[in-house]
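Residues per chain are reported as follows:
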Amino acid sequence: FAGGCVRDHIMQRDPTDYDVATNADPQKVLQLFKRSRAVGEAFGVVMVGIKKHWIEVATFRTEWGYSDGRHPDTVEYSDAEHDAQRRDFTINGIFYDPIADNLVDYVNGESDIHAQTIRAIGEPAKRFSEDYLRMLRAVRFAARLDFTIEPVTANALTLHAPKLTGISRERIGAEVQMMLTCPQRARAASLLQKHTLDAPTLNETSITPELPVLATLPSDAPYPLALAAWALDRELPTPDQPTSIEQTLTNLKRLKPVQIARRWRAALMLSNDARDQLKSTLKTIPLALTWHTLNTAQKKRAMAHKDWPFHQTLTLALITAHRIADFDTNAFHAETRTLTEQGVAPTPLITGDDLIAAGFDAGPAFRMILDTVYDAQLTHQITTRDQALALAHALQD
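Residues numbered from 1 in each chain as written. Predicted model: local features only at pLDDT ≥ 70, side-chain atom pairs only at ≥ 80, totals over all residues. Heavy atoms only, no water.

A. Fine view of the overall build of the chain. If you tally the helices and strands in the chain, you get 21 helices and 10 strands. The dimensions of the chain, computed from C-alpha atoms along their principal axes, are 90 × 55 × 40 Å. The buried share of the chain, reckoned over its 397 residues, is 48%. A sequence separation of at least 24 residues applies to 64% of the contacts in the chain between residues at least 6 apart. For the chain, the exposed surface amounts to about 19800 Å²; the carbon and sulfur share of it is 50%. The positive charge centre, built from 43 side chains, and the negative charge centre, built from 49, are 2 Å apart in the chain. (Helix = DSSP H or I, 4+ residues; strand = E, 2+ residues; numbered from the N terminus. Buried < 20%, exposed > 50% of the residue type's maximum accessible area, 1.4 Å probe, protein only. Contact = heavy atoms within 4.5 Å. Areas by Shrake-Rupley, 256 points an atom, 1.4 Å probe, with all protein chains shown as cover. Lys, Arg positive; Asp, Glu negative; His and termini not counted. Charge placed at Lys NZ, Arg CZ, Asp CG, Glu CD.)

B. View of the sheet that holds strand β2 (residues 36–40). Taken together, the 4 strands give an open sheet; going across it, the order is β1-β4-β3-β2, and neighbouring strands pair in mixed fashion. Here the strands that pair on one side only, and so sit at the sheet edges, are β1 (19–22) and β2. Neighbour to neighbour, the strand axes of the sheet diverge by 30 degrees on average, direction disregarded. Pairing of β2 with strand β3 (residues 45–50), which is carried by 4 bridges, proceeds in the antiparallel orientation. Bridging across to β3, A38 finds its partner in V46. (Pairing = 2+ DSSP bridges. Axes fitted to C-alpha atoms, helices over the stretch in contact; angles between N-to-C directions.)

C. Representation of the packing of helix α12 (residues 223–235) against helix α14 (residues 257–268) in the model. Contact pair α12 / α14: the axes reach a minimum separation of 12 Å and the direction vectors enclose 120 degrees. Where α12 crosses over α14, the two elements pack in a sense that is right-handed. In this structure, α12 uses Y223, L227, W230, A231, R234 and E235 to contact α14, whose residues at the interface are I260, R263, W264 and L268. The residue makeup of the contact of α12 with α14, split by class, is 7 nonpolar, no polar and 3 charged. (Left-handed = near helix turned anticlockwise from the far one by under 90°. Nonpolar A, V, L, I, M, F, W, Y, C, P; charged D, E, K, R; others polar.)

D. Looking closely at the pattern of salt bridges. Throughout the structure, instances matching the rule amount to 21 salt bridges. The partner of D83 in a salt bridge is R86, and the shortest N-O contact between them spans 3.1 Å. When sorted by exposure, D83 lands in the same class as R86, which is buried. Put simply, R119 and E150 hold a salt bridge, and the shortest N to O gap is 3.8 Å. (Salt bridge = Lys/Arg side-chain N within 4 Å of Asp/Glu carboxyl O.)

E. Geometry of the side chain of T248. Assignment of secondary structure puts T248 in helix α13 (residues 245–252). The buried category is assigned to T248, whose relative accessible area is 3%. There is a polar contact of 2.8 Å between the side chain of T248 and the backbone oxygen of S244. T248 has contacts with T243, L289, L318 and I324, leaving out every residue within four places of it along the chain. (Polar contact = N/O pair within 3.5 Å; in protein donor to acceptor, adjacent residues only side chain to side chain.)

F. The arrangement of helix α21 (residues 385–396) in detail. With 12 residues, α21 extends 17 Å from end C-alpha to end C-alpha; this agrees with the ideal 16 Å at 1.5 Å per step. Against the buried residues of α21 lie α19 (352–357) and α20 (365–378). (Expected span 1.5 Å × (residues − 1).)

G. Structural detail: the environment of R7. Mapping R7 onto the fold places it in helix α1 (residues 4–10). Residue R7 is classed as buried on the basis of its relative accessible area, which comes to 4%. Along the primary structure R7 and G93 are separated by 86 residues, whereas in three dimensions their C-alpha atoms are 8.6 Å apart. Not counting the four nearest positions on each side in its chain, R7 is found in contact with I91, N92, I113, F141, R144 and L145.

H. Geometry of the side chain of R87. The topology assignment puts R87 in the loop between α3 (80–85) and β7 (95–97). One polar contact links R87 to D83, side chain to side chain, over a distance of 2.9 Å. Apart from the residues lying within four places of it in its own chain, the contact partners of R87 are A2, G3, A21, N92, G93, F95, I121, R127 and R134.

I. Here's a closer look at the nonpolar core. One finds L214 and L314 to be the most contacted residues of the largest nonpolar core, which totals 86 residues. Looking at this core, the element that brings in the most residues is α12, giving 9 residues. In this view, L214 contacts L180, R185, A186, A189, A226, A229, W230 and D233; residues no more than four positions away in its chain are not counted. Membership of the second largest hydrophobic core comes to 12 residues, among which are I369, L370, A376 and A388. (Core = buried A, V, L, I, M, F, W, Y, C linked by side-chain atoms within 4.5 Å.)

J. Structural detail: the packing of aromatic side chains. Under the definition given, this model contains 10 aromatic pairs. Site record: aromatic cluster; members linked through ring pairs are W291, W308, F327 and F332. Above the face of the W54 ring, R35 is positioned so that its terminal group lies 4.9 Å from the ring centre. Cation over ring: R140 sits above F141, and NZ or CZ is 5.0 Å from the ring centre. (Phe/Tyr/Trp six-rings, centres within 6.5 Å; stacked < 30°, edge-to-face > 60°. Lys NZ or Arg CZ within 6 Å of the ring centre and 35° of its normal.)

Below is the structure:
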């Protein structure tokens, strides 16, 4: 066994997948296992099917020359020691022989695991030049495992951060998504900023603000919500004392949700849904902060939005992180529970077809009439279709 599954075994964690390294060449592996297919013959990689699982089996190899900053120019089959030396970090360079039941550790990875240290194998600059995405992997491992990046490796991260621009946006986005969907997301983002990796990652100027909103999110927060929290932390000043709704709204005026969503979609290759959720969540923050000024219909309309759980969670995280003293969170929770019990999105009592059937002419006032009637329904001023039509006629007159 090789790489992450061995690391997880040493740390007494359940591995998420298993990789195997072997001195058997790919043709031998294909002969040994009926359910197998070559997926990277140039790199000696075969996928082997065992029951319901597919396991990556790679022939021991050495490689050199990375003219594109990702793929080796030359690959040769080798032995376990040389194979370990080509890997990224010591904690991922350990093998485990299940037959002999012993670790095969040429890079002192076990000691670094026990010391909770991220260390590049060999010379960090060389390891990163082979694939600059490894810089983001260093941050992800350090955050997820709660390890420290040793000084030489850390210095290489900062020195070579600009080289990340040569990596595809899809690969960068995939790494950032893994970082921001783990409970340690705030530390990951903080490390990106500390080592100026946030600049090439987001195609923005590197900054080092505190990340209180990101740190306040629940551990299971989805990716678009984590992105929105990170955007707030990067765009808004973190107050050094309790603040107010009014001051926060003033600060939010500098926020440009549409531009942020557009830039980050391009930088991180966000899906359309993730981009739209990021944009709508950021745009709704001012509305949610002024909850106490909204009438019942406005509150129900806000809660009926499909992304309301994101809006609510981010607003509460911002209130906690910035210590917004004049927002009554207890009243907010109580009222949203009550409104939910009442139903925030009942089926409209009448539709546009009903108005046309009743003799209304389609025009500019059509939508206003329907919205006003629906608001009356949401506030229980009307409860039947006849009452709705009567109100519509009254509004027309």
